[in-house]
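A look at the structure
Chain by chain, the residues run as shown.
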Amino acid sequence: QVQLVESGGGLVEPGGSLRLSCAAARSIFSISVMAWYRQAPGKQRELVASITSSGTTNYVDFVKDRFTISRDNAKNTVYLQMNSLKPEDTAVYYCNAHFPVLVGGKYDYWGQGTQVTVSS
């Protein structure tokens, strides 16, 4: 099993910044593709950004130039730096780890989610 623990969510005013962190409790973190998803009330969960084990990143259009995903394999941690936040960024943000091989019988693991609220 792989446990993912997220932190860093909270309430921020429009235009503000937050940094989310997701720590994995296993050293095989380094072989995973890590991603952040979000789910707003009444909407489906959607991909925000991803980063491969070698550091290649991918962003969806609505966060490009505002959000930055990064990882520290030595700390088994992935980050999401969110700048210029908008009210429409309000959602529960989830960390995802995708492995190329079965780990504990699964390819994918999820964190518990962290609430991000952008409001004045």
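This report concerns the structure included in the present document. (Residues numbered from 1 in each chain as written. Predicted model: local features only at pLDDT ≥ 70, side-chain atom pairs only at ≥ 80, totals over all residues. Heavy atoms only, no water.)

**So, the pattern of salt bridges**
- Applying the stated rule across the entire model yields four salt bridges.
- Salt-bridge contacts for Asp-89 lead to Arg-38; the nearest nitrogen and oxygen are separated by 2.9 Å. Here the residue Asp-89 occupies a position in the loop between β8 (77–82) and β9 (91–103), and Arg-38 occupies one in strand β4 (residues 33–39), the gap between them amounting to 51 residues.
- Arg-38 sits in the buried class, given a relative accessible area of 6%.
- For Lys-64, the salt bridge goes to Asp-61, with nearest N and O atoms at 3.3 Å.
- Judged by its relative accessible area of 43%, Lys-64 is partly exposed. (Salt bridge = Lys/Arg side-chain N within 4 Å of Asp/Glu carboxyl O. Helix = DSSP H or I, 4+ residues; strand = E, 2+ residues; numbered from the N terminus. Buried < 20%, exposed > 50% of the residue type's maximum accessible area, 1.4 Å probe, protein only.)

**Digging into the environment of Phe-67**
- Residue position: Phe-67 is located in strand β7 (residues 67–72).
- Between the alpha carbons of Phe-67 and Met-82 there is a distance of 4.5 Å; along the sequence they are 15 residues apart.
- Ignoring any residue separated from it by four or fewer positions in sequence, one finds Phe-67 in contact with Arg-38, Val-48, Tyr-59, Leu-80, Gln-81, Met-82, Asn-83, Leu-85, Asp-89 and Tyr-93. (Contact = heavy atoms within 4.5 Å.)

**Quick word on the sheet that holds strand β1 (residues 4–7)**
- Strand order in the open sheet formed by four strands is β1-β3-β8-β7, with antiparallel pairing between adjacent strands. Of all strands in the sheet, those with a lone pairing partner are β1 and β7, marking the two edges. Averaged over all pairs of adjacent strands, the angle between their axes in this sheet comes to 15°, without regard to strand direction.
- Relative to β8, strand β3 (residues 18–24) is paired through six bridges, and the arrangement is antiparallel. Counterpart to Ser-21 in the pairing with β8 is Tyr-79. (Pairing = 2+ DSSP bridges. Axes fitted to C-alpha atoms, helices over the stretch in contact; angles between N-to-C directions.)

**Focus on the pairing of strand β11 (residues 114–118)**
- Residues of β11 alternate between two faces, with Thr-114, Val-116 and Val-118 buried on one and Gln-115 and Thr-117 left unburied on the opposite face.
- Direction of pairing for strand β2 (residues 10–12) relative to β11: parallel, over a ladder of three bridges. The residue of β11 that forms the bridge with Leu-11 is Thr-117.
- Relative to β11, β9 runs antiparallel, the two sharing three bridges. Pairing of Ala-91 across the sheet is with Val-116, part of β11.

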